[in-house]
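Chains, contacts and geometry: an overview
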Amino acid sequence: MASAAVMLSLAACTSSEGDGDSDEPIELRMAWWGDDVRHEITNSALDKFEDLNPGITVVRDFSGFDGYLDKITTQYTGGNSPDVFQFYNEVLVEFASRGQLADLSKGVSQDGWDADLLQVSTVDGELAAMPFGLSTQGFIFDTTAIEALGLTAPSGDYSWDDLAEFAAEVRTASGGSLAGVTDLSHGYQVFEVWAKQRGEDFMDADGLAFSEKTLADFWQYWADLRASGGATTPDITSEYQGTPYDAVVAGVAASTFLFTNQYDGVQGRTPNVISLERFPGEGEDAGQYMRTAMNLVISKQSKHQEAAAKLVDFLLNNEEANGILGLNRGFPANANVIEAASAGANENVQRAIEIFESVRENGAPAPVPAPAGSGTVNTLFAEVAQQVQFGQLSPADAAKQFMAQAASELG
C-alpha cells in the first residue's frame with residue numbers, strides 16, 4: 001500500500017471535463033472485482049446500458065480481488081486508468097486527496113440518497129465516490145453440523161462469552177475434529193464492531209480512535225478461545241484468512257463472520273443449513289452499522305467524464321439496472337431502487353434483508369472516511385495479530401506494538 005501511494009503521487013492527472021463531439025463514438029472502460037456470478041450480472045447490466053445509449057461502448061475489465069489495487073495503481077501511473085472503476089473505502093482518501101477522482105455530484109443524481117451516507121464518501125468537499133452496494137456484518141452458524149453434535153447454535157441476543165462457551169462445546173462434542181468458530185483475531189472488520197460496542201471506533205479522520213486496552217482485550221479474547229480449543233488453530237486460520245466462511249463450507253469450523261450480502265452465496269455452496277445472526281454482543285451499544293460494501297468512482301484521467309457519469313448514474317439509480325444487478329454487491333444505497341433489486345429474493349436473501357433492516361433501525365453510525373494510510377494499518381493489524389496467534393507476542397505486547405506502528409503509518 002505504501003509503495004502504491006508513492007507511485008500514485010507521481011502519476012499525472014490528465015482529464016477532460018467534456019466528451020468532445022457528442023456524435024463521435026465513445027469507448028469507456030470499467031473495472032471491477034468479483035466472482036463469476038458478479039461478472040455475469042454486471043456484463044448484463046452493461047449490455048443494457050449500451051442498448052439505451054447507442055454510441056457508447058463499455059470495455060469490461062474484471063478480475064478477482066487479489067492484485068486488484070496493484071492493477072489499478074499501475075494503470076493510473078501509466079496514464080491508462082479505467083474511466084469508471086469499483087473501489088473500496090480503505091484507500092479512497094489516498095486517491096481522492098491527490099485529485100485523482102472526479103466529483104460525482106456533477107452528473108450523478110442524488111435523488112433517493114441519504115445525505116449522511118454521501119458525506120461518508122466526501123473528501124475535501126467533493127463527492128469522491130458513491131456506494132455501489134451497502135451491507136452489514138453478520139455471523140453464520142452451520143446448524144446441521146451443530147445439531148448433529150446435540151448442540152444448539154446461538155441466536156437472537158447472545159454475548160461474546162456465549163460464543164466462547166459454545167465454541168468450546170463444539171470442539172469437545174466433535175472429539176476435536178470441528179472448531180466452534182474461526183479465529184477472527186486478525187480481522188480489523190471484526191474488531192471494528194467490538195470497538196463500537198464499547199463506545200469507540202477503529203479509525204476516525206484523525207487516526208486511531210480506540211484505546212490500547214480495548215485492542216488487548218480483543219486479542220486476549222481470541223487467545224483464550226484458542227487455548228480452550230474453541231477457535232481454529234493458527235495453521236487453519238491462515239489457510240482461510242481472507243474468506244473465513246470457506247472454513248464453514250469446508251466443515252472445519254461451525255461458525256464465522258461474513259457480510260450479509262455474502263450469505264446466500266455461502267449457503268448455496270453447502271448442503272448443510274446455515275443460519276445468519278447479528279454479531280455477538282449487539283446490545284444497547286450496537287457495533288454493526290450500514291457499511292459501504294464497495295464504491296463506484298470516476299477517474300480524473302477519463303477523457304469522457306460526462307459519459308462516465310451517465311454510466312455511474314445508470315448503475316446506481318436505474319431500476320432496470322438494479323433489477324439485473326440484484327443484491328450481489330449488497331443493498332442499493334438509493335432507497336428508490338431497493339424494491340427492484342430485491343424482487344423475487346429467496347428466503348436466504350430475505351433473512352439477510354431482515355438483519356440489514358435491524359441494523360438500520362438499531363445500529364451504530366457509519367465511520368467517517370479513514371485517513372490516508374489506513375489501508376496499510378489494516379494490513380498491519382492482520383500481521384501483528386498473526387504473531388499473537390503463533391505465540392510470538394502476548395496480546396498486551398502486541399497491542400502496544402500495533403498502536404505505535406499504526407500511529408507512525410498514519411503520521
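Up top is the structure these notes are about.
These numbers come from a predicted model, not from an experiment. (Residues numbered from 1 in each chain as written. Predicted model: local features only at pLDDT ≥ 70, side-chain atom pairs only at ≥ 80, totals over all residues. Heavy atoms only, no water.)

1. Regarding the nonpolar core
Grouped together as the largest cluster of nonpolar side chains are 72 residues, with contacts concentrated most on M30, I140, L311 and L315. Considering every element that reaches this core, the biggest residue donor is helix α13 (residues 305–317), with 8 residues. Apart from the residues lying within four places of it in its own chain, the contact partners of L311 are L28, M30, L46, F49, V58 and V84. Ranked by size, the runner-up nonpolar core spans 49 residues in total, among them L178, W194, A231 and A399. (Core = buried A, V, L, I, M, F, W, Y, C linked by side-chain atoms within 4.5 Å. Buried < 20%, exposed > 50% of the residue type's maximum accessible area, 1.4 Å probe, protein only. Helix = DSSP H or I, 4+ residues; strand = E, 2+ residues; numbered from the N terminus. Contact = heavy atoms within 4.5 Å.)

2. Topic: the environment of L134
Along the chain, L134 falls in strand β7 (residues 134–135). Each C-alpha atom of the pair L134 and F331 lies 4.8 Å from the other, and the pair is 197 residues apart in sequence. In contact with L134, other than residues within four places in its own chain, are L117, R291, T292, A293, R329, G330, F331, P332, A333 and F356.

3. Points about a negative patch on the surface
A surface patch of like charges, here negative, comprises D161, D162, E165 and E169. Note that D161 resides in helix α7 (residues 160–173). Since its relative accessible area comes to 58%, D161 is described here as exposed. (Patch = residues over 30% accessible without salt bridge, like charges linked within 9 Å, V, L, I, M, F, W, Y side chains within 5 Å. Areas by Shrake-Rupley, 256 points an atom, 1.4 Å probe, with all protein chains shown as cover. Salt bridge = Lys/Arg side-chain N within 4 Å of Asp/Glu carboxyl O. Lys, Arg positive; Asp, Glu negative; His and termini not counted. Charge placed at Lys NZ, Arg CZ, Asp CG, Glu CD.)

4. As for the sheet that holds strand β14 (residues 295–298)
Sheet architecture is open: 5 strands sit in the order β2-β1-β3-β14-β6, paired in mixed fashion. Each end of this open sheet is capped by a strand with a single partner; those strands are β2 (56–63) and β6 (130–131). When strand β1 (residues 26–33) meets β2, the two strands line up parallel, connected through 8 bridges. Residue W33 lies in a different strand from β2, and its bridge partner there is S63. Most of the contacts of helix α3 (residues 68–77) go to β1, to which it runs at about 150°, and overall it touches β1, β2 and β3 (84–87). Here α13 sits on the sheet in contact with β1, β2, β3, β6 and β14, set at roughly 165° to β14. (Pairing = 2+ DSSP bridges. Axes fitted to C-alpha atoms, helices over the stretch in contact; angles between N-to-C directions.)

5. A look at the sheet that holds strand β12 (residues 274–277)
Ordered by their spatial adjacency, 3 strands build an open sheet running β11-β8-β12, and the pairing between neighbours is antiparallel. Only two strands of the sheet have a single partner each, and these edge strands are β11 (255–259) and β12. Going from strand to strand, the sheet's axes swing by 35° on average, the running direction of each strand aside. Bridge count for strand β8 (residues 137–142) against β11 is 5 bridges, and the pairing is antiparallel. By the bridge assignment, I140 is partnered in β11 with T256. With respect to the sheet, helix α16 (residues 347–361) is in contact with β8 and β12, its orientation differing from that of β12 by roughly 15°.

6. Observations regarding the pattern of salt bridges
Per the stated rule, a full pass over the model turns up 14 salt bridges. Residues R29 and D61 are paired through a salt bridge, measuring 3.7 Å at the closest nitrogen-oxygen approach. Of this pair, R29 sits in strand β1 while D61 sits in strand β2; the two residues are 32 residues apart in sequence, bridging distant segments of the chain. The same class applies to R29 and to D61, which are both buried. A single network of salt bridges, built from pairs that share partners, joins R29, D61 and K71.

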